[in-house]
Amino acid sequence: MQAVKIKPKQNIKSNQFIEAIKVNDIVALKHLYKINYPKVEVLVLKNNGTKEHAKDIFQDAFLALWKNVKQDKFVPQNESSINGYLYTIAKHKWMDYLRSKDYKKTVVSSALTDTAALDDDLNKTTDDNINDERLQNVMHAFKGLGAPCKDLLMKFYFEKKSMKDIAEELQLDAASTRNKKYRCMQKLRELALNLK
Amino acid sequence: MNRNTKITQELLEFVERCLNKTASNEELKKFEHKLKNDQEFKAQVADIKTLLFGIESQVLKEKLDDFHEELVDVPSSKTVPVKSIYFRKIAVAAILIIALGSFWFLSQNTNDKLYAKYFIPDPGLATTMSENTNFEFYDAMVNYKQKDYKTAINKWNELLKTKPENDTLNYFIGVAHLADKSENQSIQFLEKVTSTTKSVFKNEAYYYLALAYLKADNVELAKKNLTFSSVDNSKALLYELND
């Protein structure tokens, strides 16, 4: 415990915040969203964009930030470095969009690819890293999963609730809950494979 | 993803335990070994990782719109003109009646409401797997983060036997009790932290102590403890309590 105590307080707080992002703490994520969105909206509105553009760009950047923090591709020093990073991604994405051919004629989200530097990071497809295309398939498959499976998997993997709590909520015993979860995962994998 | 490999329930649960660091040391060794030597296993692990990350990503993506709605949800009372003074008078009277009625109805459990609004469990300390001298402490931290507060408390209580004065332990046991809805038990642990002269958790401990008192309907002690804390929310809560 001694090791914990000698760390400067600011560090502990920052670590806690970063840890909270990693475990999908809704309060922390919402806080991050609320603090950073207004700046990005100003940027986009001042540069020929609409509020809808700002929302799409920001949400894309937000997901990219979250992914990079989760995978330790970006290791923030403190909360302000997170905010700065998020703004930079959003700015790059908006610049990319303005430069793109699709500007003025198509839906924003389809034109929003990651910036080159971030793309490099995301697309390194060593076996250890998560392949972006496969990830997109899983995300898409999850959208199409039935509500009971979606709900169960969300509680388990996003909210990180314990098996015990989920079993209680579903009024099932632990073994049936585990089995149900497994079957949902199989279904998800099947759907994702078929998207290939 | 490979259609030809089958991921069994046993395999899925084993890999999950290893990824979220709840596996035993023995299992972790086995995991590392297989990862190095078994190409099929390696591919299966990559598949599982992608599935898990995909679920989290999509859930978050779907939640972002909710975040956004809360953001733009600014009350626009100015844009709703009340047309006649007569109507306005009736409206005021109606609101007063509703307000008084709800005050009477709601005042009994204001403390609970404020508590629910302000209580967010401490996110805990980062748990890293390697070279941890405090394995037991961080092992319980994993339970704490999974909201399995009872297990975390039991494990930490064991450690507390040898280090009864340790502020980190007292702090997290206190917060875990509070999160586990046993505010009365949390008070003794948190008070131990606030009475420690030099503790990095002192500030937060005062805040959670105030919340514990609030939950126990002791508003005076809640207010007193809030004045000692400079946590962002303590001022806001104090303001609401004094209101």
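Quantities reported herein were computed from a predicted structural model and do not represent experimental measurements.

Considering the overall build of chain A
Line of reasoning, step 1. In terms of helices and strands, chain A carries 11 helices and zero strands.
Line of reasoning, step 2. Taken over 196 residues, chain A has a buried fraction of 31%.
Line of reasoning, step 3. Taking contacts inside chain A between residues at least 6 apart in sequence as the whole, the part at least 24 apart equals 59%.

Focus: the overall build of chain B
Line of reasoning, step 1. In terms of regular secondary structure, chain B is built from 12 helices and zero strands.
Line of reasoning, step 2. Counting from the amino terminus, helix and strand elements in chain B follow one another as α-α-α-α-α-α-α-α-α-α-α-α.
Line of reasoning, step 3. Taking contacts inside chain B between residues at least 6 apart in sequence as the whole, the part at least 24 apart equals 42%.

With respect to the packing of helix α4 (residues 51-70) of chain A against helix α5 (residues 79-99) of chain A
Pairs of packed helices are described in terms of their axes, by the angle between the two and the distance that separates them.
Residues and elements named next belong to chain A.
Line of reasoning, step 1. Between α4 and α5, the shortest axis-to-axis distance is 9 Å and the interhelical angle comes to 130°. Relative to α5, the element α4 lies oblique. Of the two possible hands of crossing, α4 and α5 adopt the one that is right-handed. Contact with α4, carried on its side by Ile-57, Phe-58, Asp-60, Ala-61, Phe-62, Ala-64 and Leu-65, involves Tyr-85, Leu-86, Ile-89, Ala-90, Lys-93 and Trp-94 of α5 and no other residues of that element.
Line of reasoning, step 2. Of the residues belonging to the contact of α4 with α5, the class tally is 11 nonpolar, no polar and two charged.

Description of the packing of helix α7 (residues 149-162) of chain B against helix α8 (residues 167-179) of chain B
Residue and element names in this part refer to chain B.
Line of reasoning, step 1. Viewed as axis vectors pointing N to C, α7 and α8 meet at an angle of 155°, and their least axial separation amounts to 10 Å. When the axis of α7 is compared with that of α8, the two are roughly antiparallel. Like other packed secondary-structure pairs, α7 and α8 cross with a definite hand, here left-handed. Of α8, the residues touching α7 (which contributes Tyr-149, Ala-152, Ile-153, Trp-156, Asn-157, Leu-159 and Leu-160) are Leu-169, Phe-172, Ile-173, Ala-176, His-177 and Ala-179.
Line of reasoning, step 2. Its residues placed into classes, the contact of α7 with α8 shows 11 nonpolar, two polar and no charged.

Some words on the nonpolar core
All names here are of chain B.
Line of reasoning, step 1. Counting residues in each nonpolar core, the largest one holds 37 residues, and the members touching the most others are Ala-176, Tyr-208, Leu-209 and Ala-210.
Line of reasoning, step 2. If you tally residues by element for this core, the top one is helix α10 (residues 202-215), at 10 residues.
Line of reasoning, step 3. Contacts of Ala-210, omitting those with residues within four sequence positions, involve Ala-222, Asn-225, Leu-226, Ser-229 and Ser-234.

A short note on the interface of chain B and chain A
Line of reasoning, step 1. Tallying the contact residues gives 39 residues for chain B and 47 residues for chain A.
Line of reasoning, step 2. The set of elements that each furnish at least two residues to the side of chain B that touches chain A consists of α1 (9-19), α3 (39-72), α6 (135-145) and α8 of chain B.
Line of reasoning, step 3. Sorting elements by how many residues they give to the side of chain B that touches chain A places α3 of chain B first, with 19 residues.
Line of reasoning, step 4. Grouping the amino acids of the side of chain B that touches chain A by side-chain chemistry returns 19 nonpolar, 11 polar and nine charged.

Quick word on the confidence of the model for chain A
Line of reasoning, step 1. On average, residues of chain A score 82 in pLDDT, and 78% of them are at 70 or above.
Line of reasoning, step 2. Scored below 50 in pLDDT, residues 107-117 of chain A shows 21 contacts in the model against residues more than four places distant or in partner chains.

A word on α6 of chain B
Line of reasoning, step 1. When α6 of chain B is considered as a whole, its buried residues turn out to be Phe-137, Ala-140, Met-141, Asn-143, Tyr-144 and Lys-145 of chain B.
Line of reasoning, step 2. Check the buried side of α6 of chain B and you find it contacts α7 and α8 of chain B.

Some points on α10 of chain B
Residue and element names in this part refer to chain B.
Line of reasoning, step 1. For α10, which comprises 14 residues, the first-to-last C-alpha distance of 20 Å matches the rise-based estimate of 20 Å (1.5 Å per residue) to within 8%.
Line of reasoning, step 2. In terms of residue burial, α10 counts as a mostly covered element, since 12 of its 14 residues are buried.
Line of reasoning, step 3. Buried within α10 we find Glu-204, Ala-205, Tyr-206, Tyr-207, Tyr-208, Leu-209, Ala-210, Leu-211, Ala-212, Tyr-213, Leu-214 and Lys-215.
Line of reasoning, step 4. Residues of α10 that are buried sit in contact with α5 (110-118), α8, α9 (183-194), α11 (219-227) and α12 (232-242).
Line of reasoning, step 5. Looking at the residues trailing α10, positive phi occurs at Asp-217, about 65°.

Side note on the confidence of the model for chain B
All names here are of chain B.
Line of reasoning, step 1. Predicted confidence across chain B gives a mean pLDDT of 82, with 85% of residues reaching 70 or more.
Line of reasoning, step 2. Across residues 73-83, confidence stays below pLDDT 50; counting only partners more than four residues off in sequence or on other chains, it has three contacts.
Line of reasoning, step 3. The ipTM, which scores confidence in the relative placement of chains, is 0.82 for this predicted complex, and the corresponding pTM is 0.56.

A closer look at the environment of Ser-14 of chain A
Residue and element names in this part refer to chain A.
Line of reasoning, step 1. Mapped onto the secondary structure, Ser-14 falls in helix α2 (residues 9-22).
Line of reasoning, step 2. Given 18 C-beta atoms within a 10 Å radius, Ser-14 is considered partly exposed.
Line of reasoning, step 3. For the pair Ser-14 and Gln-77, spaced 63 residues apart in the sequence, the C-alpha separation amounts to 7.3 Å.
Line of reasoning, step 4. In contact with Ser-14, other than residues within four places in its own chain, are Asn-78 and Glu-79.

With respect to unusual backbone geometry
Line of reasoning, step 1. In this model, Asp-72 of chain A sits at a positive phi of 60°, which is unusual for a non-glycine residue.
Line of reasoning, step 2. Tracing the chain through its elements places Asp-72 of chain A in the loop between α4 and α5.
Line of reasoning, step 3. Its identity as a non-glycine residue notwithstanding, Lys-181 of chain B has a phi of 65°, on the positive side.
Line of reasoning, step 4. With respect to the helices and strands, Lys-181 of chain B occurs in the loop between α8 and α9.

Quick notes on the environment of Asp-148 of chain B
Line of reasoning, step 1. By the secondary structure assignment, Asp-148 of chain B is in the loop between α6 and α7.
Line of reasoning, step 2. Contact partners of Asp-148 of chain B, with chain neighbours within four places excluded, come to Ser-162 of chain A together with Asn-143 of chain B.

Quick word on the environment of Thr-151 of chain B
Line of reasoning, step 1. Looking at the element boundaries, Thr-151 of chain B is found in helix α7.
Line of reasoning, step 2. The spacing of Thr-151 of chain B and Ala-176 of chain B is 25 residues in sequence and 9.9 Å in space, taken between C-alpha atoms.

Thresholds applied
- Residues numbered from 1 in each chain as written.
- Chains lettered and ligands numbered in written order.
- Predicted model: local features only at pLDDT ≥ 70, side-chain atom pairs only at ≥ 80, totals over all residues.
- Helix = DSSP H or I, 4+ residues; strand = E, 2+ residues; numbered from the N terminus.
- Buried ≥ 20, exposed ≤ 12 C-beta atoms within 10 Å, placed from the backbone.
- Contact = placed C-beta atoms within 7 Å.
- Axes fitted to C-alpha atoms, helices over the stretch in contact; angles between N-to-C directions.
- Parallel < 35°, antiparallel > 145°, perpendicular 65-115°, else oblique.
- Left-handed = near helix turned anticlockwise from the far one by under 90°.
- Nonpolar A, V, L, I, M, F, W, Y, C, P; charged D, E, K, R; others polar.
- Core = buried A, V, L, I, M, F, W, Y, C linked by C-beta atoms within 7 Å.
- pLDDT = per-residue confidence, 0-100.
- Expected span 1.5 Å × (residues − 1).

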